[in-house]
Amino acid sequence: MAVETVIQDNMKISWDVEIPMSDGSIVRADIYAPVEEGQYPVIMTYGPYAKGLPFQEGYPWQWERMTEEHPEIPEGSTNKYQTWEAVDPEKWVPYGYICIRVDSRGTGTSPGYLNPFSKRETQDFYECIEWAGVQPWSNGKVGLNGISYYGMNQWQVAALQPPHLVAICPWEGASDFYRDATHHGGIASAFWSTWYGPQVLKVQNGVGKNGSINPNTGKFIAGPETLSDEELAKNRIDIDHEIYSNTLATDPYYLERQVDWSKVTVPILSAGNWGGLGLHLRGNVEGYVQAASKEKWLEIHGLEHWTHFYTDYGRNLQRQFFDYYLKGEDNGWNELPPVLLQVRGLDGFVNRQEEAWPLPKTEWTRLYIDTNNLSLSKQPIDGHIEYDTFSEGVTFLTPTYEVEMEITGPVSAKLFVSSSTEDTDVFLTIRLFDPTGKEVLFSGAQDPKTPITQGWLRASHRKLDLEKSTEYRPFHPHNEVQPLIPNEIYELDIELWPTSIVIPKGYRLGLTVGGSDYSHDEDGTMYHTRLMTGSGAFWHDDPRDRPEEVFRSKVTIHTSSGKPSYLLVPVIPKER
């Protein structure tokens, strides 16, 4: 495949540049550079979504909604080079950057065996970074910037410490493939089965004439060769099989994808989303907390997970970060506090800077479950309540708040439960109700109608890593299965994902405990072939992981002064 270089839209663009890999293979990249000769810093993405597939074609409703609600995004660009979850080069190249998009091995124009997040793929990413760092047009400084997949693999490659990697910006990118992505609390997420085909396999290298054409080059986005379905299947991993046959975090499939946090030392801007339940939040918080980097920042925002990456707010934040580290500009970035939050309210968000995570002076508040009155109280009360796991569960409510209340930070729960079978999955949902009793829903990263936050735990995975756990963020090693004795009481420490909400006067907070995914009663939104009704695209209902003979059961929540079941929330006092 010949490399073509053109001058257009005030950029020098090289299509399908071959980057050699250490095993004799090649991957291909598109390079967008300033027209004027010189040495420039590099912004790179590496991933499976096809560098030649226009955002507008691959993800039309997301593009339409984003640009209608945020007209600043398409302004100042032809938008011809916009692709899913990567930077728009027309908004970076004029500021003295080279933008490189690499099709990961086995996708787009890069041949080879497709194996997402594998050791080989991470090594390929490393070699792309090092290749870019020594080219004559490079200033030797490479930064990584991208959403979701293009953020997740940044954590992995940063741990390999490529010498020319200077800074990373994982935007809503999970950092623990098991806990953040494939198994929530040890429960398998069906997301990856619905993601692989529509988003990756449609651009697998070898789809050829059965796929789309890059409108900028007139070439097939998934390579010139057209393979049969059988040939394509032989050239990729069966991700569905891997996820459902590897059930513990210590299985080889997940160990290969683990990040060694002691080796992540580059400067970091980690950006999460309060509505990113299931994929686009926990990893950014944990990556920020766990990384050994001395220079690191945590930013958390709202709205859809593809939006703020492209708004002036998000892009200016990214550019200030990279201008400081890749260009050496004295722009005050190093003087910013390490935590940059958009605190969530009913009517939008308020920007606030903080000195630490969790927030200083957080008042950790226990809301005790009162099974007699279905309430959340200040003191533990003896009682118990039973629910069917495949029902809506049971909801406990706080009294009406008499003053405005802010909750921002990590959330956890301690429950004492018994099950009629040898295992049970516990689903926790924090919800907000207005003075009439109607639930308030929020814009999520994918799902436009979501609750405040969620948490999950498979009871047989209840074992804690005491060294890594705190009361507000329990950590489970997920390295063994400990079956339950039916009707015996067990103590469960459950992590809910971090959140932020300013609760108005007159509203109530609710905790729903159940045995299946949360679902609201309003109209849902389609994600490929499934309907999202509050839990996004992160369903936990595959019978291979949750056989009914085990997980359709009756569960009892027990609480007393000696064994108090409670929700722990981070209350932020106004007087700070």
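Residues numbered from 1 in each chain as written. Predicted model: local features only at pLDDT ≥ 70, side-chain atom pairs only at ≥ 80, totals over all residues. Heavy atoms only, no water.

A. Seen up close, the sheet that holds strand β12 (residues 339–345). Spatially, β1-β2-β3-β5-β4-β6-β7-β10-β11-β12-β13 is the arrangement adopted by the 11 strands of the open sheet, whose pairing is mixed. Both edges of this open sheet fall to β1 (4–8) and β13 (348–354), since each of them pairs with a single strand only. Going across the sheet, the axis of each strand differs from the next one's by a mean of 20 degrees, ignoring polarity. With six bridges connecting them, strand β10 (residues 268–273) and strand β11 (residues 296–301) associate as parallel partners. Bridge pairing in β11 links L269 to W297. Taken strand by strand, helix α10 (residues 282–290) contacts β7 (165–171), β10, β11 and β12, and its axis lies near 165 degrees from that of β11. (Pairing = 2+ DSSP bridges. Helix = DSSP H or I, 4+ residues; strand = E, 2+ residues; numbered from the N terminus. Axes fitted to C-alpha atoms, helices over the stretch in contact; angles between N-to-C directions. Contact = heavy atoms within 4.5 Å.)

B. Region of the structure containing the side chain of R473. Its location among the elements puts R473 in the loop between β21 (453–458) and β22 (490–503). Only 3.0 Å separates the side chain of R473 from the side chain of E286, close enough to count as a polar contact. Excluding anything up to four places from it in sequence, R473 contacts E286, Q290, K468 and E495. (Polar contact = N/O pair within 3.5 Å; in protein donor to acceptor, adjacent residues only side chain to side chain.)

C. Spatial organisation of helix α6 (residues 191–200). Counted residue by residue, α6 has seven buried out of 10 residues, so it is predominantly covered. Buried positions along α6 lie against α4 (149–158), α5 (177–182), α8 (239–245), β24 (525–527) and β25 (530–532). (Buried < 20%, exposed > 50% of the residue type's maximum accessible area, 1.4 Å probe, protein only.)

D. Summary view of the nonpolar core. If you look at the biggest cluster of nonpolar residues, it comprises 66 residues, and the most contacted ones within it are W192, W195, F321 and F322. When near neighbours in sequence (up to four residues on either side) are disregarded, F321 contacts A167, I168, C169, P267, I268, L269, W297 and W333. By size, the runner-up hydrophobic cluster in this structure holds 38 residues, among which are I385, V394, L511 and V513. (Core = buried A, V, L, I, M, F, W, Y, C linked by side-chain atoms within 4.5 Å.)

E. Structural context of the packing of aromatic side chains. Overall, the coordinates contain 44 aromatic pairs when judged by the stated rule. Residue placement shows K202 over the ring face of Y59; its charged tip is 5.4 Å from the ring centre. Its end group placed over the ring of W539, R530 keeps NZ or CZ at 4.2 Å from the ring centre. (Phe/Tyr/Trp six-rings, centres within 6.5 Å; stacked < 30°, edge-to-face > 60°. Lys NZ or Arg CZ within 6 Å of the ring centre and 35° of its normal.)

F. View of the pattern of salt bridges. The tally for this structure, following the rule as stated, stands at 38 salt bridges. Between D9 and K80 there is a salt bridge, and its shortest N-O distance comes to 2.9 Å. You can see D9 sitting in the loop between β1 and β2 (11–20) and its partner K80 sitting in the loop between α2 (60–69) and β5 (98–103), a full 71 residues away along the chain. Looking at D9, the relative accessible area reads 28%, which means it is partly exposed. Where salt bridges share partners, they join D23, R105, R120, D124 and E127 into one cluster. (Salt bridge = Lys/Arg side-chain N within 4 Å of Asp/Glu carboxyl O.)

G. Geometry of empty space enclosed by the protein. Within this structure, the stated rule accounts for seven cavities of 30 Å³ or more. Here the largest cavity defines a volume of roughly 130 Å³. Around the largest cavity, the lining residues are R179, H184, G185, R282, W456, L457, P474, F475, H476, H478, E495 and W497. Elements with a contribution of two residues or more to the lining of the largest cavity: β21 and β22. Taken as a whole, the second largest cavity spans an internal volume of roughly 80 Å³. Contributing to the lining of the second largest cavity are 12 residues, with D16, K51, T109, N214 and T217 lying nearest its centre. The residue makeup of the lining of the second largest cavity, split by class, is four nonpolar, four polar and four charged. (1 Å grid on protein atoms, 1.4 Å probe; cavity = no way out; pocket = protein on both sides within 12 Å on 5 of 7 lines; lining within 4 Å. Points joined across faces, edges and corners; volume = space filled by probe spheres on them. Nonpolar A, V, L, I, M, F, W, Y, C, P; charged D, E, K, R; others polar.)

H. Molecular detail of unusual backbone geometry. The omega torsion of the bond from W357 to P358 falls at -5 degrees, within 30 degrees of zero and hence cis. The phi dihedral of D16 falls on the positive side, at around 55 degrees, and the residue is not glycine. The residue D16 is located in strand β2 in this model. Of note in this structure, N487 is not a glycine but carries a positive phi near 75 degrees. With respect to the helices, strands and loops of the structure, N487 is situated in the loop between β21 and β22.

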